[in-house]
Amino acid sequence: MGPTPNPSSLEASLRDVVGADQVLTRPEELFVYEVDGLTHHSARPRAVVLPATTEEVARVVKVCRRHEVPFVPRGAGTGLSGGALALGRGVIIECARMNSILQIEPEDRYAVVQPGVVNTDLSKAVLHHGLFYAPDPSSQLVCTLGGNVAENSGGPHTLKYGTTTDHVLALELVLPDGSVVRLGSPSGWPAGYDLVGAVVGSEGTLGVVTEATVRLSPIPERTETLLGIFPDVVSACRAVGAIIRSGLVPAAMEIVDRRTIEAVEASVYAAGLPTDAGAVLIMELDGAAVAVGAQAERTRALSLAEGARDVQVARDEQERQRFWRARKGAFGAMGRLAPDLYVNDAVVPRRKLPEILEAVCAIGDRLGLRLSNVFHAGDGNLHPNISFDRRDADELARVLQAGEEILRLCVEAGGVISGEHGIGTEKREYMGLLFSDDDLEAMKKLRAAFDPTLACNPGKLFPTTRICFEANPKARGYDQVPFE
Amino acid sequence: MTEVSGLEALHPGTLDCVHCGMCLTSCPTYQVTGRETSSPRGRVYLLRGVAEGEIPLAETLAEEAYLCLGCRACETACPSGVAFGSLLEQARSVVDRAGLRRGWAKRIEQFALRTVVPRPRVLHGLLGAVSVAQRLGLDRLVLPWLPRRWREMHGLLPRIPAASERRRLPEVTPAIGEQRGRVAFFEGCIMPEVFGAMNRATVRVLASQGFEVVVPAAQRCCGALQAHAGELELATELARANVIAFGQAGAQGDAPENAPGTASATAPATGFDAIVVNSAGCGAALRELDHWIGDEGAPLAGQVRDVCEFLDQVGMRGTPRPLSKRVAYDDPCHLIHAQGVADAPRRLLEAIPELELVAHQDPAGCCGAAGIYNLTHPEMSAAILAKKLDALEAARPAIIATGNPGCLMQLQAGAQSRGMNVRLAHPIELLAETL
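As the structure is a computational prediction, the values presented were derived from the model and not from experiment. (Residues numbered from 1 in each chain as written. Chains lettered and ligands numbered in written order. Predicted model: local features only at pLDDT ≥ 70, side-chain atom pairs only at ≥ 80, totals over all residues.)

**Concerning the overall build of chain A**
Then, number 1: The secondary structure content of chain A amounts to 16 helices and 20 strands.
Then, number 2: Taken over the C-alpha trace, chain A has a radius of gyration of 22 Å; the compact-globule value for 484 residues is 23 Å, and the two agree within 12%.
Then, number 3: Along the first, second and third principal axes, the C-alpha set of chain A runs to 70 × 55 × 45 Å.
Then, number 4: Within the span of chain A, comprising 484 residues, buried residues form 55% of the whole.
Then, number 5: Counted over contacts in chain A with a minimum sequence separation of 6, partners at least 24 positions apart contribute 72%. (Helix = DSSP H or I, 4+ residues; strand = E, 2+ residues; numbered from the N terminus. Rg over C-alpha atoms; globule rule 2.2 N^0.38 Å. Buried ≥ 20, exposed ≤ 12 C-beta atoms within 10 Å, placed from the backbone. Contact = placed C-beta atoms within 7 Å.)

**Section: the overall build of chain B**
Then, number 1: From N to C terminus, chain B includes 24 helices and 9 strands.
Then, number 2: Relative to the 2.2 N^0.38 estimate, which gives 22 Å for 435 residues, the radius of gyration of chain B is 21 Å and therefore close to what a compact globule would have.
Then, number 3: Across its three principal directions, the C-alpha atoms of chain B cover 65 × 50 × 40 Å.
Then, number 4: Counting only residues that meet the buried cut, chain B has 52% of its 435 residues in that class.
Then, number 5: Pairs at least 24 residues apart make up 78% of the contacts formed inside chain B by residues separated by at least 6 positions.

**Regarding the domain arrangement of chain A**
All names here are of chain A.
Then, number 1: Here the domain parsing of chain A yields domain 1 (101-218), domain 2 (222-332) and domain 3 (337-412).
Then, number 2: Taken over C-alpha atoms, the centre of domain 2 sits 22 Å from the centre of domain 3.
Then, number 3: Taken together, the 20 residues of domain 2 in the interface contact 16 residues of domain 3.
Then, number 4: Among the secondary structure elements, those contributing two or more residues to the side of domain 2 that touches domain 3 are α8 (233-245), β13 (252-257), α9 (258-265) and α12 (330-333).
Then, number 5: Considering every element that reaches the side of domain 2 that touches domain 3, the biggest residue donor is α8, with 7 residues.
Then, number 6: Per-class residue counts for the side of domain 2 that touches domain 3 are 14 nonpolar, 2 polar and 4 charged. (Domains from an automatic or database assignment. Nonpolar A, V, L, I, M, F, W, Y, C, P; charged D, E, K, R; others polar.)

**As for the interface of chain B and chain A**
Then, number 1: Across the boundary between the two partners, chain B contributes 28 residues, which contact 36 residues of chain A.
Then, number 2: Mapped onto the side of chain B that touches chain A, the elements with two or more residues apiece are α3 (40-51) and α4 (59-67) of chain B.
Then, number 3: Ranked by the residues each element gives to the side of chain B that touches chain A, the list is headed by α3 of chain B, at 4 residues.
Then, number 4: Among the residues forming the side of chain B that touches chain A, the class breakdown is 13 nonpolar, 11 polar and 4 charged.

**Examining the sheet that holds strand β2 (residues 181-186) of chain B**
Residues and elements named next belong to chain B.
Then, number 1: Pairing in this open sheet of 5 strands is mixed, and the strands run β1-β3-β2-β4-β5 from one edge to the other. Edge positions in the open sheet fall to β1 (172-173) and β5 (304-306), since each of these has one partner strand only.
Then, number 2: Bridge count between β2 and strand β3 (residues 211-214): 4 bridges; the pairing is parallel. Bridge pairing links Ala184 to Val214 in β3.
Then, number 3: Across the sheet, helix α12 (residues 196-208) is in contact with β1, β2, β3 and β4 (274-277); its angle to β3 comes to roughly 145 degrees. (Pairing = 2+ DSSP bridges. Axes fitted to C-alpha atoms, helices over the stretch in contact; angles between N-to-C directions.)

**A few points about the packing of helix α1 (residues 7-14) of chain B against α3 of chain B**
Residue and element names in this part refer to chain B.
Then, number 1: For the pair α1 and α3, interaxial distance at closest approach is 9 Å and the crossing angle is 135 degrees. Here α1 lies oblique to α3, going by the angle between them. Both α1 and α3 take part in a crossing whose hand is left-handed. Across the interface between the two elements, Leu7, Leu10, His11 and Thr14 from α1 touch Val44, Leu47, Arg48, Val50 and Ala51 from α3.
Then, number 2: Across the contact of α1 with α3, the residue classes break down as 6 nonpolar, 2 polar and 1 charged. (Parallel < 35°, antiparallel > 145°, perpendicular 65-115°, else oblique. Left-handed = near helix turned anticlockwise from the far one by under 90°.)

**Thoughts on the confidence of the model for chain A**
Then, number 1: This prediction gives chain A a mean pLDDT of 92; 94% of its residues lie at or above 70.
Then, number 2: With pLDDT under 50 throughout, residues 466-484 of chain A is counted as low confidence; its partners more than four residues away or in other chains account for 44 contacts. (pLDDT = per-residue confidence, 0-100.)

**Overview of α8 of chain A**
Residues and elements named next belong to chain A.
Then, number 1: The end-to-end C-alpha distance of α8, which contains 13 residues, comes to 19 Å, matching closely the 18 Å that a straight helix rising 1.5 Å per residue would cover.
Then, number 2: If you check which residues of α8 are buried, you get Val233, Ala236, Cys237, Ala239, Val240 and Ile243. What you see down the axis of α8 is that its buried residues fit within an arc of 155 degrees, all on one side.
Then, number 3: Next to the buried residues of α8 lie β12 (222-230), β13, β14 (279-287), α10 (289-305), α13 (353-366) and β18 (370-375).
Then, number 4: A positive phi of about 95 degrees marks Gly247, the residue just after α8. (Expected span 1.5 Å × (residues − 1). Arc of directions from axis to C-beta.)

**As for the confidence of the model for chain B**
Residues and elements named next belong to chain B.
Then, number 1: On average, residues of chain B score 89 in pLDDT, and 93% of them are at 70 or above.
Then, number 2: With pLDDT under 50 throughout, residues 255-267 is counted as low confidence; its partners more than four residues away or in other chains account for 23 contacts.
Then, number 3: Complex prediction metrics read pTM 0.90 and ipTM 0.92.

**A few points about the domain arrangement of chain B**
Residue and element names in this part refer to chain B.
Then, number 1: The domains assigned to chain B are domain 1 (7-97), domain 2 (104-162), domain 3 (168-314) and domain 4 (326-433).
Then, number 2: Each of domain 3 and domain 4 has a C-alpha centre, and these two points are 23 Å apart.
Then, number 3: Of all the secondary-structure elements, those providing two or more residues to the side of domain 3 that touches domain 4 are α11 (191-194), α12, α13 (224-228), α15 (280-287) and α18 (307-314).
Then, number 4: Split into classes, the residues belonging to the side of domain 3 that touches domain 4 amount to 13 nonpolar, 6 polar and 5 charged.

**Overview of the packing of helix α1 (residues 10-18) of chain A against helix α3 (residues 54-66) of chain A**
Geometrically, a packed helix pair is captured by the angle between its two axes and the distance between the axes.
Residues and elements named next belong to chain A.
Then, number 1: Following both chains from N to C, one finds α1 and α3 inclined at 165 degrees, their axes separated by 9 Å at the closest point. Taken together, the axes of α1 and α3 are roughly antiparallel relative to one another. In terms of crossing hand, the pair formed by α1 and α3 is right-handed. Contacts from Leu10, Ser13, Leu14, Val17 and Val18 of α1 reach α3 at Glu56, Arg59, Val60 and Val63.
Then, number 2: When the residues that make up the contact of α1 with α3 are grouped by side-chain class, the tally is 6 nonpolar, 1 polar and 2 charged.

Laid out in structure tokens, this is it:
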């Protein structure tokens, strides 16, 4: 079927490690792996390999090293910054088959998982212990914990619970030379440099995570979810500020604007959100039963004082889930407007949300783009969503321009260029907005300590000198970018 | 690349996918393989790539078009509204026309779908022969000499009832008690042959609830299996025949009386209050007739109701007799994902006194039956079935209820091979038993 087997070829060596079935090399198969959740960047891998154990991963890495081929770990491919693209004709190490929960310790409140375990599957598995895994990216029904570790994923509940880095206690990592190391311990980082902290959010540039020990949190005794209906996004932003100023610590505060409401309500994730509202604010309070009721009442009063037309309280768990499904299905629902969606991910100081939101919308309008907002308002983490068609070169150019203008705007306002999606290929050229050459040089030194040959997920995170994708509607040519 | 007809037509449907990936874990084949190529998102990307000429129409698409079970769980998960079922039918048609599908699976399928299933007499005769062979034990006698595949297929074959059980339903069954309306019943092609008792139970329950039940004699196979196999022309022919059959039968009767609790207050398009179907696969196909034959199919399509959905809508009269059993309900893919019916059967079962409806971990996942998938892809089908049986076994039901003949056969064979002491039943049978 395939080309004549050459026993010394990369492909043959990979087959020796994981078996012929678990190595994909047909052009059509590689085509499917050319993108992740960010569709306007693409790079075709040389091969895709699906290992089942840490040992197999280590051997795969050694094979790649021997053949001087770069490699990149991949989970569900839901990342939004191009983190799972195999640049330089690299090998994708697909971790989806490594999906076992290895250990659950309810008393010590941690679990040990393989990287391919789906985020919500862990929460489901520990539910009967009264525990859950707190970081909840919107793609949590499908995204993997390995990917969450690589990108330091957040989610709506980051406001109270923190991002992935606050929940990872220990890691097993296959280093780019094929050796296996264990970092951290279930009891936390013992002493010295926090290497677990360095690996979380490193976007797969320091090695391949093959096991993670993660913190489990007790399910709050009571949860109240409120839906504030506002005449416009700006008043919803002001309500967020007022609630935080009052000293309350909501578990989540999410804003969904009118254009997003319309798309969601037309989808299977419809939650009965009012399509005539300018914005809705989903607010969640959780904690001890005695406290939550009063807090919800205060939240409600503050929202009304800032101009909410109405504040609904989820009557039961079903309604609560419906509100959240609408929020979390929003990204996909935007697919109803156009074939592609670009989700910008920048953070600004909360107090500046109202003015930044107005400026962001103005950028979209000026460039004639379909821009909507659904975002983690409590953290000041914006997600301007731009619907577009990547086959339209002019529209794509305007999308990229809007993305850059929004990032500059946010940085000028004292913000940062990524809240939770990572830098990947998408924002590597903008690292200079935040970091000096010296800063970047220091980061490169850290990286080189793990990966001296720069074979592990090359082309991500750090700026390159060449930008050769903007002229190309499908951004082909990524694979030609040298990885150092 | 040579111009392949059909690709252009399916291309717009692929643009609905925004590549978010929310479908991945809903997909039974992705769950087993962990491969993007075997996921709904990957398959749509593959189709788009072929349609846009980025990659050749080759074996990967041919394999994936048939490795997909067509369960449509991805449609339930898709926020962007990708019509995956329709894309799949078109993709299979493209693959077949390009001559990419060969081998025994294709030949068996063509024989079954073109020659046997749509022809009641051939099907009746063939299954009659099987029934006699089963009764005399002839099948077991020759079994050891048959090739492995044939032996596996034999394991899936249900016991074919005797000819007396396989008689057609009466063309009109009067309502019992005060009449609430008039419905047509779609009996299916395989249902009357293998699950005649289930069809009779359906008619009995409908009549008991005050509905006159008409079974138009000219009705044909729904065409679902043919359409799923890419045989769109044959499916279209069957669809047209059914539009005529139900239209004529509806016109013959008196206009239905709008007694309280009837299904529709406005004048029904076909002359019936509803066209009731008890097989989820057929129901899903009939509901989407307009996809195959356009507006011509819309009146019929718009009136199709699953039997549980219909009974739940009109409301059951009287209280059922108690049934003191633990029952696990399992959603047929083509009921929950293709027709959006999930609560109605559960509500009907819960209304039976003393019946304990138990939840299980995997109610909405595919069982691996998917038409004749269990014959064409036995290994994948077995892996998918194993997950389903694990979930069902853990719930320890005395009865597993599900509303689709393919699922019933698959789960029956699976439960038997595990030695599970459990009865398989259509929810309507349990309703009939508690009348």
